[in-house]
Amino acid sequence: MADHQEASVTLPSSPASVAEARKYVTSVLTEWGLPASAEAAETVRLIVSELATNAVQHTSGQSPVFTVDVRLDRDERLRIGVTDSHPRWPKRMPAAVQQDNGRGMVIIRCLTAESGGSLFVTPTPEGGKTVWIAMPWTASVR
């Protein structure tokens, strides 16, 4: 396998695109050697689903598209980022039991940490942001 592999897709900021983002990432990771049936693949699908949902729901119509980037460095580190053009960064919000939403970032942080990874946010030159997760690839393919 190459030292560095990358794939990305840009999708409209609509609820239907969340499923497309999951399918895309599943396809890429399968191509790179992670079986779609692996527990790690399910974890990544859930993380991508939450990241994409956040990009659609929390940009207040100010980001007509979002981009999903998938990177694998030297068969060691998997990074997935979701970029939108809205300037507001994700906030940790209290998720009260009676709320229907507000748990996405908590879910992402927990799943990423359980996989030995981390979550970080970087600004884009255009004024938006990318929310990244990074996790060991070796843990993903076991």
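Described below are features of the structure shown in this document. Since we're looking at a predicted model, the values are computed, not measured.

1. Points about the overall build of the chain
Right, so step 1: A tally of helices and strands in the chain yields four helices and five strands.
Right, so step 2: Reading the helices (α) and strands (β) of the chain from amino to carboxyl end gives β-α-α-β-β-α-β-β-α.
Right, so step 3: A total of 142 residues make up the chain; the buried ones form 44% of that total.
Right, so step 4: Taking as baseline every contact in the chain between residues at least 6 positions apart, the subset at least 24 positions apart corresponds to 65%.
Right, so step 5: Accessible surface for the chain amounts to roughly 7,600 Å². Of this, 53% is attributable to carbon and sulfur atoms.

2. Some thoughts on helix 1 (residues 16-31)
It helps to recall that an α-helix has 3.6 residues per turn; residues three or four apart then point in one direction.
Right, so step 1: The terminal C-alpha atoms of helix 1 lie 23 Å apart, and with 16 residues this matches the ideal 22 Å at 1.5 Å per residue to within 8%.
Right, so step 2: If you check which residues of helix 1 are buried, you get Ser 17, Val 18, Ala 21, Val 25, Thr 26, Val 28 and Leu 29.
Right, so step 3: Of the residues one or two after helix 1, Gly 33 is the one with positive phi, at around 110°.

3. Things to note about the nonpolar core
Right, so step 1: The biggest cluster of nonpolar side chains holds 35 residues, and the ones touching the most others in it are Leu 29, Trp 32, Phe 66, Val 68, Val 70, Leu 78 and Ile 80.
Right, so step 2: Put simply, the parts of the chain that give this core at least two residues each are strand 1 (4-12), helix 1, helix 2 (39-57), strand 2 (65-73), strand 3 (77-84), helix 3 (104-114) and strand 5 (129-136).
Right, so step 3: Among the elements that line this core, the one with the most residues is helix 2, at nine residues.

4. Here's the deal with the environment of Gln 62
Right, so step 1: By the element assignment, Gln 62 lies in the loop between helix 2 and strand 2.
Right, so step 2: Residue Gln 62 is classed as partly exposed on the basis of its relative accessible area, which comes to 48%.
Right, so step 3: Each C-alpha atom of the pair Gln 62 and Ser 85 lies 7.0 Å from the other, and the pair is 23 residues apart in sequence.
Right, so step 4: With near-sequence residues (within four places) excluded, Gln 62 lies in contact with Ser 85, His 86 and Pro 87.

5. Some details on the pattern of salt bridges
Right, so step 1: Counted according to the given criterion, the structure contains five salt bridges.
Right, so step 2: Arg 71 is the salt-bridge partner of Glu 6, the closest N and O atoms lying 3.9 Å from each other. Of this pair, Glu 6 sits in strand 1 while Arg 71 sits in strand 2, and the two are 65 residues apart along the sequence.
Right, so step 3: On the basis of relative accessible area, Glu 6 is assigned to the exposed category, the value being 52%.
Right, so step 4: With a shortest N-O distance of 2.9 Å, Glu 42 and Arg 45 are connected by a salt bridge. Placement of both Glu 42 and Arg 45 in helix 2 is noted, with a separation of three residues, approximately one turn of the helix.

6. Here's the deal with helix 3
Right, so step 1: When helix 3 is considered as a whole, its buried residues turn out to be Gly 104, Met 105, Ile 108, Leu 111 and Thr 112. Buried residues of helix 3 fall within an arc of 135° about the axis and therefore sit on the same side. Exposed positions of helix 3 whose direction lies more than 90 degrees from the buried face are Ala 113 and Glu 114.
Right, so step 2: At the exit of helix 3 stands Gly 116, carrying a positive phi of roughly 80°.

7. Overview of the sheet that holds strand 1
Right, so step 1: Reading across from one edge, 1-2-3-5-4 is the order of the five strands in this open sheet, with antiparallel pairing throughout. Every interior strand has two partners, whereas the edge strands, strand 1 and strand 4 (118-123), have only one. With strand direction ignored, the average angle separating the axes of adjacent strands in the sheet is 15°.
Right, so step 2: Where strand 3 lies against strand 5, eight bridges are found, and the strand directions are antiparallel.

Rules behind the numbers
- Residues numbered from 1 in each chain as written.
- Predicted model: local features only at pLDDT ≥ 70, side-chain atom pairs only at ≥ 80, totals over all residues.
- Heavy atoms only, no water.
- Helix = DSSP H or I, 4+ residues; strand = E, 2+ residues; numbered from the N terminus.
- Buried < 20%, exposed > 50% of the residue type's maximum accessible area, 1.4 Å probe, protein only.
- Contact = heavy atoms within 4.5 Å.
- Areas by Shrake-Rupley, 256 points an atom, 1.4 Å probe, with all protein chains shown as cover.
- Expected span 1.5 Å × (residues − 1).
- Core = buried A, V, L, I, M, F, W, Y, C linked by side-chain atoms within 4.5 Å.
- Salt bridge = Lys/Arg side-chain N within 4 Å of Asp/Glu carboxyl O.
- Arc of directions from axis to C-beta.
- Pairing = 2+ DSSP bridges.
- Axes fitted to C-alpha atoms, helices over the stretch in contact; angles between N-to-C directions.

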